[in-house]
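Listed below, chain by chain, are the residues.
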Amino acid sequence: MTHDGDAGVPGSLARVLADVAAERAAQDAKWGMQVLPGGTGGEARVAEADAARQATESAARNGGLTWRHILAEEVLEAFAETDPERLRAELIQVAAVAAKWSQALDRRPGTHPAPTPAPAPAAVPAHTPIPAAPQRFRAIVDVHVLLLRGTSDVLLARRAGTGYGDGLWHLPSGHLEEGESVTDAVIREAAEEVGVTIDPADLTFTHVMHRVPDRVGLFFATRTWTGEPYNAEPHKCSELAWWPMDDLPPDTIGYPAAAIANTLDRIPFALDGWSTNP
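In this text the structure is predicted, and so the values were computed from the model without any measurement.

> Before we move on, can you summarise the overall build of the chain with the specific residues and values?
Along the chain, the regular secondary structure elements total 6 helices and 8 strands. Shown N-terminal to C-terminal, the secondary structure of the chain runs as helices and strands in the order α-α-α-α-β-β-β-β-α-β-β-β-α-β. Burial analysis of the chain (278 residues in total) assigns 31% to the buried set. Residue pairs in contact within the chain that sit at least 24 positions apart in sequence constitute 68% of those at least 6 positions apart. Carbon and sulfur atoms make up 58% of the accessible area of the chain, which totals about 16900 Å².

Here you go:
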């Protein structure tokens, strides 16, 4: 018994995967290894995924289902995901649907897909390396908030169950999402992690830190917010505590501790992990 994954069947999966491999090789030759932020997540992306899912279900009920509906749903569900494992699973589904749609095109009557082109002959001797095309650098931006109380106390959270810095103290923080301003990101992270509401007018920018190799951290401070801070993400944090800015616990993660010290000293910029510091 044959199925559409067999190489001998018209529109076979083997043929499509060979074409995908050839395209990937061409992309790698042109762009080299690319390390970029995902840019996924956010309420807008979740709403788009929900709308695409409803459109697919409606089309299926009305007899108008198309490959466009299915692929759009899978792509937008991937765009809405931020957890790395779930995002990878969504991307595999995107790739699988795209491959199956390509197979369907190959099975159309009279369709004879062109053979996968062989690599072009080298224009230079084989021992001469061909440099990859330069890429525009893209930084990953994270935001941090210093909630200040009294004369010098700052609120810290002890990380837990995140895979990074677990058991150590850190500021409430997170990544900037697509389509989001840095102040909106600070306000969102403060609400998500410690349950307080901050007016953007009450935020003061205090410090920026460029960390090896691709991180830019922006630090903001405020003494004014609405609500009493509490551990709003117990699956990521084991406890909250107020600490003097000039006497942080020794098990504070290094770069936020340095940023807090720089904030006290009114140093607006620093490098972290680079061989030369200002």
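> Which residues make up the pattern of salt bridges, and what are the values?
Counting across every chain of the model gives 10 salt bridges. In this structure, E77 engages R53 in a salt bridge whose closest nitrogen and oxygen atoms are separated by 3.0 Å. Here R53 lies in helix α2 (residues 43–61) and E77 lies in helix α3 (residues 67–80), a separation of 24 residues in the sequence. Under the relative-accessibility criterion, E77 is labelled buried at 14%. Under the relative-accessibility criterion, R53 is labelled partly exposed at 27%. Across the pair D142 and R211 runs a salt bridge whose closest N-O atoms are separated by 2.9 Å. With D142 in strand β1 (residues 140–149) and R211 in strand β5 (residues 204–211), this pair connects stretches of sequence that are 69 residues apart. Judged by relative accessible area, D142 falls into the buried class, the value being 4%. In this structure, a network of salt bridges that share partners links the residues E177, E180, R188, E189 and E192.

> Tell me what's going on with the nonpolar core, and back it up with residues and numbers.
L146, V154, L156, L171, F219 and I260 are the most contacted members of the largest nonpolar core, which has 17 residues in total. With near-sequence residues (within four places) excluded, L171 lies in contact with H144, V145, L146, V154, L155, L156, F219, P256 and I260. Within the second largest apolar cluster, 15 residues are counted, among which are L155, V186, I198 and L203.

> Lay out the packing of α3 against helix α4 (residues 84–106) in plain terms, naming residues and giving numbers.
Their axes nearest at 8 Å, the elements α3 and α4 cross at an angle of 160 degrees. Here α4 runs roughly antiparallel to α3, going by the angle between their axes. Helix-helix and strand crossings are classified by hand; for α3 and α4 the assignment is left-handed. Between α3 and α4, the residues in contact are W67, R68, I70, L71, E74, V75, E77 and A78 and L87, E90, L91, Q93, V94, V97, A98, K100, W101 and A104, respectively. Across the contact of α3 with α4, the residue classes tally to 12 nonpolar, 1 polar and 5 charged.

> An account of the pairing of β1 is needed here, citing residue identities and associated values.
With 8 of 10 residues buried, β1 lies mostly within the body of the structure. Sheet analysis places β1 next to strand β6 (residues 215–222), joined by 8 bridges and oriented parallel. If you follow V143 over to β6, its bridge partner there is L218. Linking β1 to strand β2 (residues 153–159), which pair antiparallel, is a turn of 3 residues; within it G150 sits at a positive phi near 65 degrees.

> Describe α4, naming the residues involved and giving the relevant values.
For α4, with 23 residues, the first-to-last C-alpha span of 33 Å sits near the 33 Å given by 1.5 Å per residue. Restricting attention to buried positions, one finds in α4 the residues L87, E90, V94, V97, A99, Q103, A104 and D106. The elements touched by buried residues of α4 are α1 (13–31) and α3. Capping the start of α4 is the job of one residue whose side-chain oxygen sits 3.2 Å from the backbone nitrogen of E85: D83.

> Pulling in residues and values, what's your account of the side chain of T252?
Looking at the element boundaries, T252 is found in the loop between β7 (237–244) and α6 (254–264). A distance of 2.8 Å separates a polar side-chain atom of T252 from the backbone oxygen of P249. Apart from residues no more than four positions distant in its own chain, T252 is found in contact with L156, W169 and A257.

> An account of unusual backbone geometry is requested, with residue identities and associated values reported.
The amide bond that connects V212 to the next residue, P213, takes the cis arrangement and shows omega of -10 degrees. Among the secondary structure elements, P213 is positioned in the loop between β5 and β6. For R266, which is not a glycine, the phi torsion comes out positive at approximately 60 degrees. Note that R266 resides in the loop between α6 and β8 (269–272). Classification of R266 as exposed rests on a relative accessible area of 76%.

> Please give an account of the packing of aromatic side chains that cites residues and values.
Here the structure, examined in full by the defined rule, presents 3 aromatic pairs. Both rings, one in W225 and one in W242, keep their centres 6.2 Å apart while their planes meet at 20 degrees; by these two values the pair is stacked. Taken together, the residues W225 in the loop between β6 and β7 and W242 in strand β7 connect sequence positions 17 residues apart. Exposure remark for W242: the relative accessible area of 21% places this residue in the partly exposed category. Looking at R211, its charged tip hangs above the ring of Y255, at a distance of 3.7 Å from the centre.

The rules behind the values
- Residues numbered from 1 in each chain as written.
- Predicted model: local features only at pLDDT ≥ 70, side-chain atom pairs only at ≥ 80, totals over all residues.
- Heavy atoms only, no water.
- Helix = DSSP H or I, 4+ residues; strand = E, 2+ residues; numbered from the N terminus.
- Buried < 20%, exposed > 50% of the residue type's maximum accessible area, 1.4 Å probe, protein only.
- Contact = heavy atoms within 4.5 Å.
- Areas by Shrake-Rupley, 256 points an atom, 1.4 Å probe, with all protein chains shown as cover.
- Salt bridge = Lys/Arg side-chain N within 4 Å of Asp/Glu carboxyl O.
- Core = buried A, V, L, I, M, F, W, Y, C linked by side-chain atoms within 4.5 Å.
- Axes fitted to C-alpha atoms, helices over the stretch in contact; angles between N-to-C directions.
- Parallel < 35°, antiparallel > 145°, perpendicular 65-115°, else oblique.
- Left-handed = near helix turned anticlockwise from the far one by under 90°.
- Nonpolar A, V, L, I, M, F, W, Y, C, P; charged D, E, K, R; others polar.
- Pairing = 2+ DSSP bridges.
- Expected span 1.5 Å × (residues − 1).
- Polar contact = N/O pair within 3.5 Å; in protein donor to acceptor, adjacent residues only side chain to side chain.
- Phe/Tyr/Trp six-rings, centres within 6.5 Å; stacked < 30°, edge-to-face > 60°.
- Lys NZ or Arg CZ within 6 Å of the ring centre and 35° of its normal.

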